[in-house]
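A look at the structure
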Amino acid sequence: VSEDDKPVLRVPEEAQYWLERGNRFAGVGNRLQALACYDRALALHPESPDAYNNRGNVLRALRRQDDALASFQQALRLRPDYAAAWCNRGDALYEANRPMEAIASYDVALRLKDDIPEAHYGRGLALAELDRPAEAVASYDAALRVRPDYAEALNNRGNALRDLRRAEEALASYDAALRHNPT
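Each chain carries its own residue numbering, running from 1 in the written order of its sequence. With pLDDT at 70 or above as the cut-off, local features in this predicted model cover only qualifying residues; side-chain atom pairs require 80 or more to be listed or tallied, and sums for whole chains, interfaces and linings still use all residues. Side-chain measures here rest on the full set of heavy atoms in the structure, leaving out hydrogens and waters.

Let us now look at the overall build of the protein chain. Numbering of helices and strands runs from the N terminus, with a helix taken as a DSSP run of H or I at least four residues long and a strand as a DSSP run of E at least two residues long. Helix and strand content of the protein chain: 10 helices and zero strands. Put simply, the protein chain runs from its N terminus to its C terminus through helices and strands in the order α-α-α-α-α-α-α-α-α-α. Any two residues whose heavy atoms approach within 4.5 Å at even a single point are treated as in contact. Intrachain contacts of the protein chain at a sequence separation of at least 6 include 42% that bridge at least 24 residues. Each accessible area is a Shrake-Rupley estimate made with a 1.4 Å probe; only the visible protein chains count as cover when residues are assessed. Looking at the protein chain as shown, the accessible area adds up to about 10,200 Å², and 50% of this sits on carbon and sulfur atoms. The sign given to each residue is positive for Lys and Arg and negative for Asp and Glu; His and the chain ends receive no count. Where a charge sits is defined by one atom per residue type, namely NZ (Lys), CZ (Arg), CG (Asp) or CD (Glu). Across the protein chain, 25 positive and 29 negative side-chain charges occur, with their mean positions spaced 2 Å apart.

Given below as structure tokens:
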């Protein structure tokens, strides 16, 4: 196929191509290739909140929290009601040892869309980090109402219940986590 035979794509279509290609690379764990694709998509279409959000997720996975936070901020500048980006921003803040800011991001995500189990879960982790186990249990419970088989939420719920000295409930939560994820 010669250059003349290739389809000519308009800029938004080409940017979407690179975004989807980045998603495929991210899906198989090739983070550097994914990052390059998201950067290419953004060079073509710098107003893509999805590309910034996905770029932020890859940067988080690469442990580049400051860069990830900058990408999430760009996504939110373009689309302030982007609940997933608020949740992802919360995850990056939590991983950067900024639990209070993480909780604030999770709260925004949950005000926008209250059925994001990862936002409830992340909020629970941040609350536990701040030694607020009763509130953490409530957040884990909220995550479990949305996704009852969420093994990580069940396990961390058990940890928070243990911290509250509620041993029987903690054991039941650990047992449920193992039923959903025995490994």
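Below, the discussion takes up the side chain of Asn-156. In this structure, Asn-156 sits in helix H9 (residues 151–163). Whether a residue is buried, partly exposed or exposed follows from its accessible area with a 1.4 Å probe, protein chains only, as a fraction of its type maximum: under 20%, in between, or over 50%, in that order. Under the relative-accessibility criterion, Asn-156 is labelled buried at 16%. If near-sequence neighbours (up to four positions away) are discounted, Asn-156 is found in contact with Tyr-121, Leu-125 and Tyr-140.

Inspection of the secondary structure assignment puts His-120 in helix H7 (residues 117–129). Relative accessible area serves as the criterion here: at 11%, His-120 is assigned to the buried category. When sequence neighbours within four positions are dropped, the list of residues in contact with His-120 reads Leu-110, Asp-114, Ser-139, Ala-142, Ala-143 and Val-146.

For a helix, the expected span equals 1.5 Å multiplied by the residue count minus one. An ideal rise of 1.5 Å per residue puts 18 Å on 13 residues; H7 measures up with 18 Å between its terminal C-alpha atoms. Those residues of H7 that sit buried are Pro-117, Ala-119, His-120, Tyr-121, Gly-122, Gly-124, Leu-125, Ala-126 and Leu-127. Asp-131 sits one or two positions beyond H7 and adopts a positive phi of about 60°.

Turning our attention to the nonpolar core. Judged by nonpolar contacts, the single largest core of 51 residues is most densely connected at Ala-119 and Tyr-121. Leave out the neighbours within four places in its chain, and Ala-119 touches Cys-87, Tyr-106, Ala-109 and Leu-110. In these notes, a set of buried Ala, Val, Leu, Ile, Met, Phe, Trp, Tyr and Cys residues joined through side-chain atoms within 4.5 Å is what counts as a nonpolar core.

Bringing the environment of Ala-153 into the picture now. Here Ala-153 lies in helix H9. We classify Ala-153 as buried; its relative accessible area is 0%. Distance from Ala-153 to Val-58, taken between C-alpha atoms, is 23 Å for residues 95 residues apart in sequence. Once residues within four sequence positions are removed from consideration, Ala-153 is found in contact with Tyr-121, Tyr-140, Ala-143 and Leu-144.

Salt bridges are counted wherever a side-chain nitrogen of Lys or Arg sits within 4 Å of a carboxyl oxygen of Asp or Glu. Counting across every chain of the model gives 15 salt bridges. Between Arg-79 and Asp-81 there is a salt bridge, and its shortest N-O distance comes to 3.6 Å. Since its relative accessible area comes to 34%, Arg-79 is described here as partly exposed. Assessed through its relative accessible area of 48%, Asp-81 is described here as partly exposed. Residues Glu-135 and Arg-132 are paired through a salt bridge, measuring 2.7 Å at the closest nitrogen-oxygen approach. Here Glu-135 falls in the partly exposed class, since its relative accessible area comes to 34%. On the basis of relative accessible area, Arg-132 is assigned to the partly exposed category, the value being 28%.

Turning our eyes to something else, we now look at the environment of Ser-48. Among the secondary structure elements, Ser-48 is positioned in the loop between helix H2 (31–44) and helix H3 (49–61). For Ser-48, a relative accessible area of 11% puts it in the buried group. In this structure the C-alpha to C-alpha distance between Ser-48 and Ala-75, which are 27 residues apart in sequence, comes to 7.3 Å. In this view, Ser-48 contacts Leu-42 and Leu-78; residues no more than four positions away in its chain are not counted. Within the local environment of Ser-48, its side chain forms a polar contact with the backbone nitrogen of Ala-51, the two atoms lying 3.1 Å apart. The term polar contact refers here to a pair of N or O atoms within 3.5 Å; inside protein, the definition further demands a hydrogen-donor-capable atom paired with an acceptor-capable atom, and it admits residues adjacent in sequence only when both atoms are side-chain atoms.

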